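So you can see what is in the structure, the chains are spelled out below.
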Amino acid sequence: MSRIGVFICHCGENISRTVDVERVAAQVGTLPGVAFSTDYKYMCSDPGQGLLKKAIQEQRLSHVVVAACSPRMHEKTFRKAVESAGLNPFLCEMANIREHCSWVHEDRDEATAKAIEIVGMMVERVKKNRVLPTITVPVTKRSLVIGGGIAGIQAALDIADAGHEVVLVEREPSIGGHMAQLSETFPTLDCSQCIMTPKMVDVANHPRIKLYTYAEIEHVEGYIGNFQVTVRKKARSVDEDKCTGCGVCMTKCPVKKIPNKFDQNLGMRPAIYVPFPQAVPNTPVIDRENCTKFKTGKCGVCQKVCGPGAVDYEQEDQLIVEPVGAIVVATGFDLYSIEEKPKGSAIKGYGEFGHGKIPDVIDGMTFERLASASGPTGGKILRPSDGREPKQIVFIQCVGSRAREKGISYCSKICCMYTAKHTMLYHHKVHDGQAYVFFMDARTPGKSYDEFWRRSIEEEEAVYIRGMVSRLYQKGNKIVVMGSDIAVGVQVEIEADMVVLATAVQPQKGADTLAQKLGISYDKYHFYSEAHAKLRPVECATAGIYLAGACQGPKDIPDTVSQASAAAAKVMTLFAKDKLEREPIVARVREAGCVGCFYCQKVCPYGAVEEKEIRDRQGNLVKVVAYVNPGVCGGCGTCQATCPSKSVELDGYTDEQIVAMIESL
């Protein structure tokens, strides 16, 4: 006979404002099997948990129902409390009477009646809960970091410094990411390369970091603590072990007019190249699409002049399998290109402000390369069209961002600050120049950020115009910018020499494809989704995979570094034990009923369903059935819902429990 304890939480006033919690406690106390029922203002607090533990021991309770907020918020909290009182933690269930009841109803009587029914359903369900043993899996104490920007570098160094091996995979020929492209960083205006390049060198020299550049993730199998990751190491056509980085091949290459992506296509590079002089590793890569040798079979100059014989035209892609226990995803961001709409893009706001048509209309990253001492102009602010110094620059903020009608509703977070920085850099380099900024409002939520933004106006003489640009066109060698100043209610027209657009921050191209390989979720913009926005901000719903940096959403450098270290700390916590304990809410297959259709395998988002051969005593194959690997199963229940023979059941959510809940109504 069950002796169930029911604990009703007020959640401050979140629940009790709408639901008569005393009446709920009194009513459910009369249900069959309920031995104890009470309410408390904050059940998740220490006194609340103490109340629960004391009742379990004094009332000899066999099961517990806590009626409070979402199980996503505090299910672990209450199960730990139940376990510490001597009960199996999976004999405790939560009834959500906040999000499912008090927050969505206004009528107190109706909400109270609904709360009683929700709790009653959970009482019937918990009666059929079984004692479940915790699942333990071994842990491979190596980690994979995907992305070699500042987030990936910080996470890799933190994990490696803690004594664990790290495999760092970067898609580009060099690590460094966007931060290597920046001129200076806000709010201190310190040199970005001076901060970044020592960390890049640390990664390359760290004995516990294995670096794969010019490489991509091909396939991911396994589960938390035991992933098998296949890395495609693309052919550089240069042997990294033989190359000395002398650069003669690049100097002698006859094809030298290929737009340099690192310089936002402002400069040119040869067909064999390193992205930038401080690249790590400093090993060239041959651009096979533009190399004469690969296009026509002729040339071969780089191979002839290479003293160590490092150039290898026959080199092919390599597939390397790396066993790891945890994965940190740090793939970073890209900028919204308004020049042309990519095929299949849902974003509508393309072709604005003459970008791609008027050469002196550029984006923020292009301005960074102009301002950088390592950029194509050596740090001089010059117009791309004619090389003249611009005397009037217009900066336009929120290009793409915060525009629901164009398809991007979110704030890109960093534009206000980097535009303020751009006005300062411009004023420092062009003393007689004038910067104008069209903006909707200023968002400066960071340490010393607001002071920095004000300094751009008060000391660096940038003119901020609150309003949007309505039209922009070329007139001679000028760009006429028309807009309105809503602060004073007048129309504004500026003849500018250059226009800089603060375009929206977006996820990297292919972010959705990588997410599907990893089995993690993403939002409609393809930013990766965290498990819980407040309580688990660096964890994915898929155990063992963590997020760092702008792949999760727009972030500045301090936030990115902080999150990278937080993700690394999560990995180190995972590696602190030799074996990992997992919740046993997993699917199980009733082999007698399984017909081997494997619909469950097709729909499983975690890849947990395997094939299992059933043989008789003589070893003859009887049939092949589905088997759910408990270490991989995420407990989503999709297989249970799909199985046509009803041979799959999810522990804690069996058909018997669901029927009991329905019958209680």
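Everything below is about the structure shown above.
Okay, so let's go over this structure.

What counts, and where the lines are drawn
- Residues numbered from 1 in each chain as written.
- Predicted model: local features only at pLDDT ≥ 70, side-chain atom pairs only at ≥ 80, totals over all residues.
- Heavy atoms only, no water.
- Axes fitted to C-alpha atoms, helices over the stretch in contact; angles between N-to-C directions.
- Helix = DSSP H or I, 4+ residues; strand = E, 2+ residues; numbered from the N terminus.
- Left-handed = near helix turned anticlockwise from the far one by under 90°.
- Contact = heavy atoms within 4.5 Å.
- Nonpolar A, V, L, I, M, F, W, Y, C, P; charged D, E, K, R; others polar.
- Expected span 1.5 Å × (residues − 1).
- Buried < 20%, exposed > 50% of the residue type's maximum accessible area, 1.4 Å probe, protein only.
- Arc of directions from axis to C-beta.
- Pairing = 2+ DSSP bridges.
- Phe/Tyr/Trp six-rings, centres within 6.5 Å; stacked < 30°, edge-to-face > 60°.
- Lys NZ or Arg CZ within 6 Å of the ring centre and 35° of its normal.
- Polar contact = N/O pair within 3.5 Å; in protein donor to acceptor, adjacent residues only side chain to side chain.
- Salt bridge = Lys/Arg side-chain N within 4 Å of Asp/Glu carboxyl O.
- Parallel < 35°, antiparallel > 145°, perpendicular 65-115°, else oblique.

Quick look at the packing of helix α5 (residues 108-127) against helix α18 (residues 655-663)
And then number 1: Relative to each other, α5 and α18 sit at 150°, their axes nearing to 8 Å. Where α5 crosses over α18, the two elements pack in a sense that is right-handed. Touching Met121, Met122, Glu124 and Arg125 of α5 are Gln657, Ala660 and Met661, all from α18.
And then number 2: The residue inventory of the contact of α5 with α18, partitioned by class, reads four nonpolar, one polar and two charged.

Remarks on helix α7 (residues 192-205)
And then number 1: Its 14 residues place the ends of α7 20 Å apart at the C-alpha level, agreeing with the 20 Å of an ideal helix rising 1.5 Å per residue.
And then number 2: Residues of α7 that are buried include every one of Ser192, Gln193, Met196, Thr197, Met200 and Val203, and no others. Within α7, the buried residues cover an arc of 120° as seen down the axis, which keeps them to one side. In α7, the exposed residues that point more than 90 degrees away from the buried face are Cys194 and Asn205.
And then number 3: Where the residues of α7 are buried, they touch α6 (150-161), β7 (165-169), β8 (184-185), β9 (190-191) and β10 (209-212).

Quick word on the sheet that holds strand β25 (residues 478-485)
And then number 1: Taken in spatial order, the three strands make up an open sheet running β24-β25-β26, and their pairing is antiparallel. Single-partner strands in this sheet number two, and they are β24 (469-475) and β26 (490-496). Averaged over all neighbouring strand pairs, the angle between strand axes comes to 20°, with direction disregarded.
And then number 2: Strand direction decides the pairing type here: β25 and β26, joined by seven bridges, are antiparallel. Paired with Met482 across the strands is Glu493, a residue of β26.

Some thoughts on the packing of aromatic side chains
Each aromatic ring pair is described using two quantities: the centre-to-centre distance and the angle formed by the ring planes.
And then number 1: Scanning all chains against the criterion turns up 10 aromatic pairs.
And then number 2: Ring geometry for Phe262 against Phe276: centres 4.3 Å apart, planes inclined by 15°, an arrangement best described as stacked. With Phe262 in the loop between β13 (258-259) and β14 (268-269) and Phe276 in the loop between β15 (272-273) and β16 (285-286), this residue pair connects regions lying 14 residues apart in the sequence.
And then number 3: On the accessibility criterion, Phe276 (6% relative accessible area) is buried.
And then number 4: Grouping aromatic residues by their ring pairs yields a cluster made of Tyr410, Tyr525 and Phe527.
And then number 5: Positioned above the aromatic ring of Tyr653 is the side chain of Arg125, whose terminal nitrogen or guanidinium carbon lies 4.2 Å from the ring centre.
And then number 6: The ring of Tyr214 is capped by Lys234, whose NZ or CZ atom sits 4.6 Å from the centre of that ring.

Regarding α6
And then number 1: Taking 1.5 Å of rise per residue, the 12 residues of α6 would be expected to cover 16 Å, and the 16 Å separating its terminal C-alpha atoms lies within 8% of that figure.
And then number 2: Burial within α6 is extensive, with 11 of its 12 residues counted as buried.
And then number 3: Taken as a whole, α6 has its buried residues at Ile150, Ala151, Gly152, Ile153, Gln154, Ala155, Ala156, Leu157, Asp158, Ile159 and Ala160.
And then number 4: Immediately beyond the C-terminal end of α6, within one or two residues, lies Gly163, with a positive phi of roughly 100°.

A short note on the pairing of strand β5 (residues 135-138)
And then number 1: Because side chains alternate across β5, one face comprises the buried residues Ile135 and Val137, and the other comprises Thr136 and Pro138, none of which is buried.
And then number 2: Sheet topology places β5 next to strand β30 (residues 579-582); four bridges connect them, and they run antiparallel. Residue pairing across strands places Pro138 opposite Lys579, the latter belonging to β30.

A closer look at the side chain of Thr213
And then number 1: Following the sequence through the fold, Thr213 ends up in the loop between β10 and β11 (215-223).
And then number 2: A polar contact is formed between the side chain of Thr213 and the backbone oxygen of Pro173, at a distance of 3.5 Å.

Some points on the environment of Glu117
And then number 1: Locating Glu117 in the fold gives a position in helix α5.
And then number 2: A residue is classified by how much of its surface remains accessible, and Glu117, at 46% relative accessible area, is partly exposed.
And then number 3: Along the primary structure Glu117 and Val231 are separated by 114 residues, whereas in three dimensions their C-alpha atoms are 52 Å apart.

Focus: the pattern of salt bridges
And then number 1: Per the counting criterion, the structure on display carries 42 salt bridges.
And then number 2: Residue Lys233 pairs with Glu240 through a salt bridge whose shortest N-O separation is 2.5 Å.
And then number 3: A salt bridge links Arg615 to Glu613, with the shortest nitrogen-to-oxygen separation between them at 2.7 Å.
And then number 4: On the basis of relative accessible area, Arg615 is assigned to the partly exposed category, the value being 45%.
And then number 5: For Glu613, a relative accessible area of 46% gives the class partly exposed.
And then number 6: When salt bridges with common partners are traced through the structure, they connect Glu75, Arg79, Glu93 and Arg125 into a single cluster.

Structural notes on the environment of Pro644
And then number 1: Along the chain, Pro644 turns up in the loop between α17 (638-642) and β34 (648-650).
And then number 2: On a C-alpha basis, the gap between Pro644 and Val595 in space is 9.1 Å, while along the polypeptide they are 49 residues apart.

Some words on the environment of Lys141
And then number 1: Its location among the elements puts Lys141 in the loop between β5 and β6 (142-146).
And then number 2: Note on Lys141: relative accessible area 29%, which makes it partly exposed.
And then number 3: On a C-alpha basis, the gap between Lys141 and Glu530 in space is 23 Å, while along the polypeptide they are 389 residues apart.
And then number 4: Here Lys141 is in contact with His164, Glu165, Phe575, Lys577 and Asp578, once residues within four sequence places are set aside.
And then number 5: Here Phe575 takes part through its backbone oxygen, which lies 3.1 Å from a polar atom of the side chain of Lys141.
And then number 6: At 2.9 Å, the side chain of Lys141 forms a polar contact with the side chain of Asp578.

Regarding the packing of helix α11 (residues 364-371) against helix α12 (residues 415-429)
To characterise two packed helices, one gives the angle between the axes of the helices and the distance between these axes.
And then number 1: Contact pair α11 / α12: the axes reach a minimum separation of 11 Å and the direction vectors enclose 30°. One element, α11, and the other, α12, form an angle in the roughly parallel class. The element α11 and its partner α12 pack so that their crossing is left-handed. Seen from α11, the contacting residues are Gly364, Phe367, Glu368 and Ala371; seen from α12, they are Tyr418, Lys421, His422, Leu425, Tyr426 and Lys429.
And then number 2: Class assignment for the residues of the contact of α11 with α12 results in five nonpolar, two polar and three charged.

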